[in-house]
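Chain by chain, the residues:
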Amino acid sequence: MHSAMRGQVAMSEFRRFEIIQALAGSGKTHKLAIRYIRLLAMNASPDSILATTFSKKAAGEIRDRVLEMLSSAVTNEEARASLLTEVPELNEDQLQDALVLMTSQLHKLKIGTIDSFFVRTAQSFQDTLGMHSDWSILDDSKLEPLFQQAVIQITNAGKNLGKLATAFQWGLGGSRVPIVSSLKEVYDNAYRSIRESGGSAWLWGRFKKLPKEDAVNETLQNFASLMLSDKRLQMSIPKSVEAFKSKDWNKFLTTGMPSKVFDGSNKYYVKLSEDLIETIEPLVEFASIQFANQLLTKNKGVFDVNVELNEAITSLKHIQGLYTFDDIAFYLSQCNVMQLFEELQFRLDLQVDHMLIDEFQDTSVTQYKVLQPLIQEINQSESDRSLFFVGDVKQSLYSFRGGEPELLRNLPDVIQENQTVQLEKSWRCSRPVLNAVNTLFGNVNQIPQLDELSPRSIAKWQKDFLPHEPAVSNRKGYACIQTVEGIGDVDEVELMIQKSIDITKAIHQKSPNATIGILVQKNTKQQIQRIVHGLRNDEDQPVLASEHRGNPLTDAPAVTVLMSLLLMADHPGNTVARFHVCTSPIGKEIGLLFSDEGACLIFGKRIRLQLLKNGYASVLKEFAMKLAPFVSERDNLRMWQLIEYSNQVSSDSYLRPSSFINDVMQTNVPDPASSKVQVMTIHASKGLSFDAVILCDLQQKLSNTPKILTYKEDPCESPTLAGIYCGKVSENVLDEYCQLRQS
């Protein structure tokens with residue numbers, strides 16, 4: 001049994017099992033901190049409280065907020081009165097004791113990411129899980145080489161190459177693509193559902209028998225030879241015939257007159273005659289069967305290839321002792337270690353009596369299966385143990401890792417005797433901004449950029465969406481939608497970038513200290529880098545901007561000189577690098593001339609020996625000192641950040657300087673001087689606050705149908721149906737895709 005209410009629960013009532021549905025900026029971190037302090041006040045030991053979230057930053061904010069609230073209450077009368085009001089279990093005499101308890105047991109606090117909890121559990125049960133004895137986390141830099149090794153193993157084996165060929169054709173067009181990148185896309189998109197469900201969800205459907213080919217060819221010839229009075233109809237025939245002959249069934253069924261016979265409207269500019277429809281119908285039937293059979297073949301091919309890939313990848317992971325966070329969650333979900341409560345407590349040296357789970361809408365089914373025994377055990381206990389969930393289905397951002405917002409929707413029906421609270425007021429936004437949000441997202445059924453979403457998904461959103469209200473009603477704010485008009489051949493992305501730059505410059509000029517967030521939907525055309533470059537290099541009013549979490553250190557000219565110096569050591573024949581170094585202050589300082597090839601070769605050899613003997617940090621520091629008097633303050637800062645970065649890596653990891661340079665160019669490092677103006681994707685902006693936000697790409701589709709669709713009868717269980725989605729034609733040729741599309 002559960003009850004739902006909007007607003008605040010009276011603080012005098014402590015609910016053992018509570019679900020907080022919190023919109024963005026409504027104070028969920030505050031709620032989590034208050035809950036934690038209430039548990040401390042009720043004599044819960046800090047090491048008995050497991051608090052999890054999805055990022056280290058969020059975990060740190062929860063811990064810091066608890067410490068901040070307690071320390072402020074000890075030293076500040078107003079903060080003390082506020083905290084004691086919200087935590088009635090705590091009295092003034094206990095405040096200092098609570099703070100001492102927290103600070104003395106910082107090393108025992110169980111406030112962290114859900115991944116860190118799973119890693120610690122896996123480390124304690126690695127024998128049970130069958131993992132390598134000295135395993136570590138597989139980071140992104142090692143994932144690509146490992147995947148390439150797996151592909152090489154499969155292709156060298158020489159078996160099942162037909163399955164690989166099918167996988168390469170898995171997209172709409174079936175065009176030729178690089179082998180590794182194609183397989184990586186297949187694996188990234190499909191494997192999670194395959195691992196969760198096995199073959200039962202993928203290997204479905206029966207192949208249909210095709211009409212006799214001779215009859216179809218004769219019909220095609222008749223169609224091609226038609227002479228129609230309407231020029232528009234006549235001109236469409238050759239294109240349809242070409243699509244049919246090239247076996248582009250999707251194009252044949254979605255363009256020209258066949259598309260209108262296929263969808264049943266029978267009208268292409270004008271109503272088609274019965275004779276014309278009768279001629280086209282057999283071709284449409286043949287193309288439909290071919291398309292359906294092709295889909296079933298692709299589904300089986302993707303399944304088979306993923307099984308092959310996983311065998312090879314899993315073997316390599318076990319040999320190298322490298323596992324992803326998803327691997328760890330999966331292995332834990334497949335065994336019963338979380339049900340062995342006494343053994344779990346002994347090995348982890350903890351007794352979990354209270355769970356606080358943040359961002360529950362991003363929990364995957366696999367992660368939930370790991371936590372479920374512990375959640376159920378606490379929920380069914382009669383002692384003073386508790387559960388506290390926080391989330392918002394509208395903020396689900398981890399679908400790429402299997403995040404399932406339906407788990408949060410169904411949670412009130414799963415947790416016994418729970419109290420569900422809606423936090424509707426935003427402490428982050430002003431009324432004008434929230435009015436814009438309410439107008440836009442309260443009417444999502446009228447947004448054309450969402451037309452690819454199923455009506456069921458839109459209905460769910462409308463049901464979940466509640467009008468947002470500001471917690472501070474008199475806060476000033478401003479919201480505006482601006483458009484750009486096409487100019488000649490300039491594409492819309494370039495226009496959007498320039499408009500964003502102009503708006504940012506105007507805000508920055510009036511308020512130099514204001515923080516500005518520039519958000520783009522995707523970075524497919526390097527929008528982020530182009531905006532940063534445009535702002536930094538504006539002739540009239542340059543603005544120090546950076547990518548979120550910083551730019552590569554090579555955004556500073558001085559650092560590029562140091563990279564060229566390393567390139568000279570890596571490849572003495574690189575004349576571009578040689579010219580760069582020789583014409584820089586370094587070249588002048590040591591008397592190195594571009595024309596003296598012999599001296600440059602000797603210099604490159606010297607650098608190589610120094611790198612091997614002293615390491616990268618020592619070499620870079622030596623030459624950074626030579627550059628320092630000639631470059632800007634910011635360039636000096638970036639050079640020292642480079643030296644600090646090189647101190648953190650082992651020289652043995654880089655047999656060639658080019659590998660080190662590649663990593664430097666791919667690693668973002670924050671720049672304090674440009675932190676006020678940040679450019680990022682919408683996804684990366686979650687939880688951040690800015691004085692001004694510029695949201696770009698509003699003309700783009702806000703949601704795209706994924707290439708892989710899955711259907712779950714129970715959101716807490718694995719998919720029961722899955723398949724590749726190749727456009728709306730899929731739904732018309734196979735009924736199962738109608739069910740998949742509605743999911």
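Everything here concerns the structure above.
This text gives an overview of the structure that appears in the document.

About the thresholds
Residues numbered from 1 in each chain as written. Predicted model: local features only at pLDDT ≥ 70, side-chain atom pairs only at ≥ 80, totals over all residues. Heavy atoms only, no water. Helix = DSSP H or I, 4+ residues; strand = E, 2+ residues; numbered from the N terminus. Buried < 20%, exposed > 50% of the residue type's maximum accessible area, 1.4 Å probe, protein only. Contact = heavy atoms within 4.5 Å. Areas by Shrake-Rupley, 256 points an atom, 1.4 Å probe, with all protein chains shown as cover. Lys, Arg positive; Asp, Glu negative; His and termini not counted. Charge placed at Lys NZ, Arg CZ, Asp CG, Glu CD. Core = buried A, V, L, I, M, F, W, Y, C linked by side-chain atoms within 4.5 Å. Salt bridge = Lys/Arg side-chain N within 4 Å of Asp/Glu carboxyl O. Pairing = 2+ DSSP bridges. Phe/Tyr/Trp six-rings, centres within 6.5 Å; stacked < 30°, edge-to-face > 60°. Lys NZ or Arg CZ within 6 Å of the ring centre and 35° of its normal. Patch = residues over 30% accessible without salt bridge, like charges linked within 9 Å, V, L, I, M, F, W, Y side chains within 5 Å. Axes fitted to C-alpha atoms, helices over the stretch in contact; angles between N-to-C directions.

Quick look at the overall build of the protein now. Counting secondary structure elements, the protein contains 31 helices and 21 strands. For the C-alpha atoms alone, the extent of the protein along its principal axes is close to 95 × 85 × 60 Å. Residues classed as buried in the protein amount to 47% of the 743 residues present. Nonlocal contacts in the protein, meaning residues at least 24 apart in sequence, comprise 75% of its contacts between residues at least 6 apart. Just so you have it, the protein exposes about 37,700 Å², and 51% of that area is on carbon and sulfur atoms. Each charge class in the protein was averaged separately, 78 positive and 89 negative side chains, and the resulting centres sit 3 Å apart.

What follows is about the nonpolar core. By size, the foremost hydrophobic cluster in this structure holds 61 residues, and its most contacted members are W202, M257 and L309. Broken down by element, this core gets its largest block of residues, 18 residues, from helix α14 (residues 274–320). Each residue touching W202, except ones within four places of it in the same chain, is listed here: A190, S193, I194, S197, N299, V302, F303, I708, A722, G723 and I724. The next biggest cluster of nonpolar side chains, apart from the first, holds 42 residues, and it includes W135, V337, L344 and L411.

Once that is clear, we can look at the pattern of salt bridges. A complete count under the given rule lists 28 salt bridges for this structure. Its salt-bridge partner being D570, residue R656 comes within 2.9 Å of it at the nearest N-O pair. Of the two residues, R656 is situated in the loop between α28 (633–647) and α29 (657–666) and D570 in helix α23 (residues 557–570); the sequence distance between them amounts to 86 residues. Residue E731 pairs with R741 through a salt bridge whose shortest N-O separation is 3.4 Å. Taken together, the positions of E731 in helix α30 (residues 729–733) and R741 in helix α31 (residues 735–742) put the pair 10 residues apart, joining distant regions of the chain. Both residues of the pair, E731 and R741, count as buried. Several salt bridges share partner residues, and in doing so they unite E406, R409, K460 and D464 into one network.

Once that is clear, we can look at the pairing of strand β9 (residues 354–357). Where burial is concerned, the two faces of β9 agree: the one with H354 and L356 and the one with M355 and I357 are both buried. Bridge analysis of strand β3 (residues 49–53) against β9 gives 4 bridges, and the strand direction is parallel. Bridging across to β9, A51 finds its partner in L356. Taken together, the 4 bridges between β9 and strand β10 (residues 386–391) define a ladder with parallel strand orientation.

A word on the packing of aromatic side chains. Using the criterion set out here, one finds 18 aromatic pairs in the structure. With 5.1 Å between their ring centres and 85° between their planes, F244 and W249 make a pair best called edge-to-face. A residue is classified by how much of its surface remains accessible, and W249, at 5% relative accessible area, is buried. Three or more aromatic residues joined by ring pairs form one cluster here, namely W135, Y323, F330 and Y331. The ring of F594 has R578 sitting right over it, with the charged end atom 4.8 Å from the ring centre.

What follows is about the side chain of E406. Following the sequence through the fold, E406 ends up in helix α18 (residues 406–414). When residues no more than four places from it in sequence are discounted, the contact partners of E406 are K460 and P715.

If you trace the backbone, V729 turns up in helix α30. On a C-alpha basis, the gap between V729 and S259 in space is 9.8 Å, while along the polypeptide they are 470 residues apart. Apart from residues no more than four positions distant in its own chain, V729 is found in contact with N250, L253, T254, F262 and F291.

With that settled, consider a nonpolar patch on the surface. On the surface, a nonpolar cluster with roughly 450 Å² of combined accessible area is contributed by I481, I682, V693, L695 and L698. Within the fold, V693 resides in strand β19 (residues 692–695).

Reading across the sheet, the 4 strands line up as β15-β18-β14-β19 and stay open at both edges, with parallel pairing between neighbours. A strand with exactly one partner marks an edge of an open sheet, and here the two such strands are β15 (546–547) and β19. Looking at chain direction, strand β14 (residues 516–520) and strand β18 (residues 677–681) are connected through 5 bridges and run parallel. Within the sheet, the bridge partner assigned to G517 lies in β18 and is Q678. In the packing of helix α22 (residues 527–536) onto the sheet, contacts are made with β14, β15 and β18, and the angle to β18 comes to roughly 165°.

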